[in-house]
Amino acid sequence: MRPKRRRLYFVLAGMAALGIAVALVLAAFEDNLVFFSSPTDVYARDLPSDRKFRLGGLVEEQSVKKSNDGLTTTFRITDLTSAVPVAYTGILPDLFREGQGVVTEGHLGPDGVFIAESVLAKHDENYMPPEVAEALKKSGQWKGAAQ
Amino acid sequence: MIPELGHFAVILALTVALAQGILPLIGAQRGIASLTAIARPAAVMQFLLIALAFIALTAAFVSSDFSVLNVWQNSHTDKPLLYKVSGVWGNHEGSLLLWVFILALFGAAVATLGNNLPTVLRTRVIAIQGLIGVGFLLLLVFLSNPFERVFPVPAQGNGLNPLLQDPGLAFHPPFLYIGYVGFSIAFSFAVAALIEGKVDAAWARWVRPWTLASWTALTIGIAMGSWWAYYELGWGGWWFWDPVENASFMPWLLGTALLHSAIVVEKRDSLKAWTVLLAILTFSFSLLGTFIVRSGVLTSVHAFATDPERGVFILAFLVVAIGGSLALYAWRAPALKGGGIFAPVSREGALVLNNLLLVAATSTVFIGTMYPLFLDAISGEKVTVGPPFFTATFVPLMVPLLAVMAIGPMMPWKRADLAGTLSRLKIAAALTVSVALVTLYLSGVDQILAVLGMALGAWLIFGAATDIAERTKLFRISIGESFRRAQNLPRSAWGGAIAHAGLGVAILGMTGTLSWETEQLQIMRPGDRVEIAGYELEFDGVEPVTGPNYDAVRGTFRIYRNGRLVDVMRPETRRFSDPPMVTTEAAIRPRNFGDLYAVVGESNGDGGYAARIYHKPMINWLWIGALLMAAGGLVSLTDRRLRVGAPARRAATASPDLRAQQRAT
């Protein structure tokens, strides 16, 4: 095979590989991009109930309740403008507590309760997730205490 | 006094690096011997100066000198010595110093060991190492000074993040950096070759061992990080497709591609321009990896806005280094004439396919990692790209790669007979099919991915075994004769087979743990029992314990098998005060072809504790596989052809008949 011919094959194979990669990426983006929403966004956007997203804000004071089996916890996440009820089954992060900034990932149930599959609270008492800080700033409730 | 000495050494190192980077390049271009002669002593000098600075910073950490800002922010008198030392590189400034220390070490290694390299090539390589050093040293001197003082002197330090106080993570960054920085040698050789307009087999024989050593270190570093995440983060995950992990995974993928294409340059004098491009890209991703992890841009793109000077400098450095080398490539690469021609179905063809798939896979990881940053920077919209994205893009590209991986090494160079090669793999194929059928029988049709994973892992292992069996003519000649052939086989052949089999073992481990993991999550009171994977675990309550710099709650689980006590597990929850943090110390016991993994959580205020017990089947295979891959790299490194000094002797005597002989092997 002539070198020129070979280079052509090489380029074609490269294009094919990248084409496949791009197609895979686009197909995966369709379903797997997880957007961040503040509680206000949740009511403003009217999201479909099967779509996964991240909900972040502060754990509302006096909203944390344990179920009878001790494993399901319900609480409300607030950006101090609106609040969304959340249910989570599992062990919560060690520093999860009322008033703390938190990010949860899951989807909105038909009854308006956010079913969290995971709760991310950083292992640091003073930490404020940057998304949460921004959401609070947007709702005009940021006091600049944390971070 | 000692910190000032360190600071001064860094400044001197910058001036030496400037001289090392500029003067020898001019000398090599104009043929001025007095300027080229600067390269070697300058590289050694730069290394000595940075070593001095590194020792000074380590001394400040060990002696808890809180007048140094960096020590105050990241250390504490109560910390065990190991973590005082690892605290040196557990922060932005110190990790940059470690980076540049390894860079200077490798530069000095080329300077002192490179006697057999052509003088001009060696000079240029050392000079480019110097220029990379200039970039980092500028950052260290002007924007990220690790020796900055603080006044008044605080009495106590802030402490290192307790999650990082762990032997697995103490040595994780050095291994990663040896890997990243090792690729700088391949980069420098690539840029030097572009300036020179020449790439030959001798060039590849220098690039290969450095790439191999870096790849091995990076493999160990990534495996360590994954192992740390597994036992330290408390829920038994071992890979999260987190941007920090991806940052080290992308250079690894490209380094793997480079490793393989360098073989083609060496053996077949082909794919030269492509290999040079890969060397540039691999190191570019190493730079990108270092900076996206260490600049804070991942926590928030606005980290650049809060520290704009540093952000602008890092961006400028990346643009100059990556953009500059790529521009040089565009200009000079057409001069690199390819030699050996080959048919699509050949060993070269298989290696090209390997390269294309690895590069495509790297680009999907790149898009998944960077897209959220771009989107946030452009529109302020926050998105996360989670594991499902990577599973959907990365895995489909790996399946054909793994399928070809067992076949490629069995193909001859230049032109292969596919049917003939496949027929030599028929025993391996039969064994693979039986593994798939057994998996299918045991786990059912709904676990079709498990069947695929087990089959691919087995295919790699049996393929590697077949490769060695074929090369030693096992069972076709006497055993003694085969053994003799095995001893005479090139180490690189052994290394390749071991590494390929290692990946197979790791894939079996990943598949096993992803497919058959079991989990028990419940509130347990003392005396409660829970059953998992054929074991019964009895919760025995908790007790308080005091560690050197933390207080902990320790739970006790007794493990019973058929009513007999076989083991005791004691997971802890540790509460650190400096800085205030809580960590989960899982208890892990290798049992029943996997790990039993227990975590004790919060109290329900009523005598019960949240307990999480996992059985992680075959998880150990993952680490064993990673170790085998690294071992394969090491074995390959001992190959006679790759020894330091071999290149020049070989190049000097590389008469056409010897070349022909090499090609035949």
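Residues numbered from 1 in each chain as written. Chains lettered and ligands numbered in written order. Predicted model: local features only at pLDDT ≥ 70, side-chain atom pairs only at ≥ 80, totals over all residues. Heavy atoms only, no water.

### Examining helix H9 (residues 172–196) of chain B
All names here are of chain B.
Link 1 in the chain: With 25 residues, H9 should cover 36 Å at 1.5 Å per step; its first-to-last C-alpha distance of 37 Å lies within 8% of that length.
Link 2 in the chain: With respect to burial, H9 is a largely interior element, 21 of its 25 residues being buried.
Link 3 in the chain: Following H9 by one or two positions, Gly197 adopts a phi angle in the positive range, close to 75°. (Helix = DSSP H or I, 4+ residues; strand = E, 2+ residues; numbered from the N terminus. Expected span 1.5 Å × (residues − 1). Buried < 20%, exposed > 50% of the residue type's maximum accessible area, 1.4 Å probe, protein only.)

### Concerning a nonpolar patch on the surface
Link 1 in the chain: Taken together, the side chains of Val433, Leu437, Leu440, Val445, Ile448, Leu449 and Leu452 of chain B present a nonpolar region at the surface, about 670 Å² in accessible area.
Link 2 in the chain: In this fold, Val445 of chain B is placed in the loop between helix H18 (426–443) and helix H19 (448–471). (Patch = residues over 30% accessible without salt bridge, like charges linked within 9 Å, V, L, I, M, F, W, Y side chains within 5 Å. Areas by Shrake-Rupley, 256 points an atom, 1.4 Å probe, with all protein chains shown as cover. Salt bridge = Lys/Arg side-chain N within 4 Å of Asp/Glu carboxyl O.)

### A closer look at the confidence of the model for chain B
Residue and element names in this part refer to chain B.
Link 1 in the chain: Looking at chain B as a whole, its pLDDT mean stands at 88, while 94% of the residues score no less than 70.
Link 2 in the chain: Helix H3 (residues 39–62) holds the highest mean pLDDT among the elements of chain B, 96, whereas helix H24 (residues 656–664) holds the lowest, 39.
Link 3 in the chain: This model gives residues 645–665 a pLDDT under 50, and the stretch forms 22 contacts once residues within four places in sequence are excluded. (pLDDT = per-residue confidence, 0-100. Contact = heavy atoms within 4.5 Å.)

### Observations concerning the interface of chain A and chain B
Link 1 in the chain: Across the boundary between the two partners, chain A contributes 37 residues, which contact 45 residues of chain B.
Link 2 in the chain: For the chain A and chain B pair, buried surface summed over both sides reaches about 3500 Å², with 70% attributable to carbon and sulfur atoms.
Link 3 in the chain: The interface formed by chain A and chain B holds 0 salt bridges in total.
Link 4 in the chain: Summed over the shared surface of chain A and chain B, the result is 3 residue pairs in polar contact (both at pLDDT 80 or more).
Link 5 in the chain: Of all elements in the fold, only helix H1 (3–32), strand S1 (33–37) and helix H3 (130–138) of chain A reach the threshold of two or more residues within the side of chain A that touches chain B.
Link 6 in the chain: With 14 residues, the top contributor of residues to the side of chain A that touches chain B is H1 of chain A.
Link 7 in the chain: Its residues assigned to classes, the side of chain A that touches chain B comprises 22 nonpolar, 5 polar and 10 charged. (Buried area = accessible area lost by both parts, 1.4 Å probe. Polar contact = N/O pair within 3.5 Å; in protein donor to acceptor, adjacent residues only side chain to side chain. Nonpolar A, V, L, I, M, F, W, Y, C, P; charged D, E, K, R; others polar.)

### Observations regarding the side chain of His260 of chain B
Residues and elements named next belong to chain B.
Link 1 in the chain: Secondary-structure assignment places His260 in helix H11 (residues 243–268).
Link 2 in the chain: At 2.7 Å, the side chain of His260 and the backbone oxygen of Thr256 are in polar contact.
Link 3 in the chain: Non-local contacts of His260, meaning those with residues more than four positions away in its chain, are made with Leu351, Asn354, Asn355 and His500.

### Considering the pattern of salt bridges
All names here are of chain B.
Link 1 in the chain: Inspection of the entire model under this criterion finds 26 salt bridges over all chains.
Link 2 in the chain: Between Lys616 and Glu517 there is a salt bridge; the shortest N-O distance is 2.8 Å. With a gap of 99 residues between them, Lys616 in strand S11 (residues 609–617) and Glu517 in the loop between helix H21 (491–516) and strand S2 (518–524) connect regions that are remote in the sequence.
Link 3 in the chain: In this structure Lys616 comes out as buried when scored by relative accessible area, which is 3%.
Link 4 in the chain: When its relative accessible area of 32% is taken as the criterion, Glu517 is described as partly exposed.
Link 5 in the chain: Each of Glu543, Arg554, Glu572, Arg574 and Glu585 takes part in salt bridges that share partners, so that together they form one network.

### Observations regarding helix H6 (residues 92–113) of chain B
Link 1 in the chain: For H6 of chain B, with 22 residues, the first-to-last C-alpha span of 31 Å sits near the 32 Å given by 1.5 Å per residue.
Link 2 in the chain: N-capping of H6 of chain B is provided by Asn91 of chain B, with a side-chain oxygen placed 3.3 Å from the backbone N of Glu93 of chain B.

### Things to note about the pairing of strand S6 (residues 564–569) of chain B
Residues and elements named next belong to chain B.
Link 1 in the chain: Sheet topology note: the strand S5 (residues 550–561)/S6 ladder contains 5 bridges and is antiparallel. Pairing of Tyr560 across the sheet is with Leu565, part of S6.
Link 2 in the chain: Counted along the chain from S5 to the antiparallel partner S6, the turn is 2 residues long, and its residue Asn562 has a positive phi close to 50°. (Pairing = 2+ DSSP bridges.)

### Let's talk about the nonpolar core
Link 1 in the chain: Counting residues in each nonpolar core, the largest one holds 142 residues, and the members touching the most others are Leu97, Trp99, Phe136, Leu137, Phe189, Trp203 and Val276 of chain B.
Link 2 in the chain: Judged by nonpolar contacts, the second largest core, of 17 residues, contains Leu163, Ala229, Tyr230 and Tyr614 of chain B. (Core = buried A, V, L, I, M, F, W, Y, C linked by side-chain atoms within 4.5 Å.)

### Quick word on the sheet that holds S2 of chain B
Residue and element names in this part refer to chain B.
Link 1 in the chain: Pairing is antiparallel across the open sheet formed by 4 strands, whose spatial order is S2-S11-S10-S9. Unpaired on one side and paired on the other, S2 and strand S9 (587–591) mark the two borders of the sheet. On average, each strand axis in the sheet is inclined to that of its neighbour by 15°, with strand direction left out of account.
Link 2 in the chain: Pairing of S9 with strand S10 (residues 594–603) involves 5 bridges; the strand directions are antiparallel. The partner of Arg589 across the bridge, within S10, is Leu596.
Link 3 in the chain: Against the sheet, helix H10 (residues 201–232) makes contact with S9, S10 and S11, and its axis sits at roughly 50° relative to S10, the strand it touches most.
Link 4 in the chain: Strands in contact with helix H22 (residues 619–637) are S9, S10 and S11; relative to S10, the strand with the most contacts, it is inclined by about 115°. (Axes fitted to C-alpha atoms, helices over the stretch in contact; angles between N-to-C directions.)

### Digging into the confidence of the model for chain A
Link 1 in the chain: With 82% of its residues at a pLDDT of 70 or more, chain A has an overall mean of 79.
Link 2 in the chain: The element-level mean pLDDT for chain A is lowest in H3 of chain A, coming to 71, with strand S5 (residues 83–89) of chain A highest at 91.

### Re the environment of Gly380 of chain B
Link 1 in the chain: Mapped onto the elements of the fold, Gly380 of chain B is located in the loop between helix H15 (347–379) and strand S1 (383–385).
Link 2 in the chain: Discounting chain neighbours no more than four positions away, the residues touching Gly380 of chain B are Glu134 of chain A together with Leu375 of chain B.

### A closer look at the environment of Phe475 of chain B
Link 1 in the chain: Within the secondary structure, Phe475 of chain B sits in the loop between H19 and helix H20 (479–488).
Link 2 in the chain: In this structure the C-alpha to C-alpha distance between Phe475 of chain B and Gly236 of chain B, which are 239 residues apart in sequence, comes to 44 Å.

### Concerning the domain arrangement of chain B
Residues and elements named next belong to chain B.
Link 1 in the chain: Entries for chain B in the domain assignment read domain 1 (1–165), domain 2 (201–413), domain 3 (425–516 + 621–645) and domain 4 (518–616).
Link 2 in the chain: Summarising the inter-unit geometry, the C-alpha centres of domain 1 and domain 2 are found 25 Å apart.
Link 3 in the chain: Contacts between domain 1 and domain 2 engage 23 residues on the former and 16 residues on the latter.
Link 4 in the chain: Taking both sides of the interface into account, the surface hidden between domain 1 and domain 2 amounts to around 1700 Å²; carbon and sulfur atoms contribute 76%.
Link 5 in the chain: Broken down residue by residue, the surface that domain 1 buries against domain 2 is led by His92, Leu143 and Leu163, which jointly contribute 31%. (Domains from an automatic or database assignment.)

### Concerning unusual backbone geometry
All names here are of chain B.
Link 1 in the chain: The omega angle of the peptide bond from Phe151 to Pro152 is 0°, so this bond is cis rather than trans.
Link 2 in the chain: By secondary structure assignment, the location of Pro152 is in the loop between helix H7 (119–143) and helix H8 (167–170).
Link 3 in the chain: Despite not being glycine, Asp269 has its phi angle at roughly 55°, a positive value.
Link 4 in the chain: Along the polypeptide, Asp269 turns up in the loop between H11 and helix H12 (272–294).
Link 5 in the chain: Phi is positive for Met618, close to 65°, though the residue is something other than glycine.
Link 6 in the chain: If you trace the backbone, Met618 turns up in the loop between S11 and H22.

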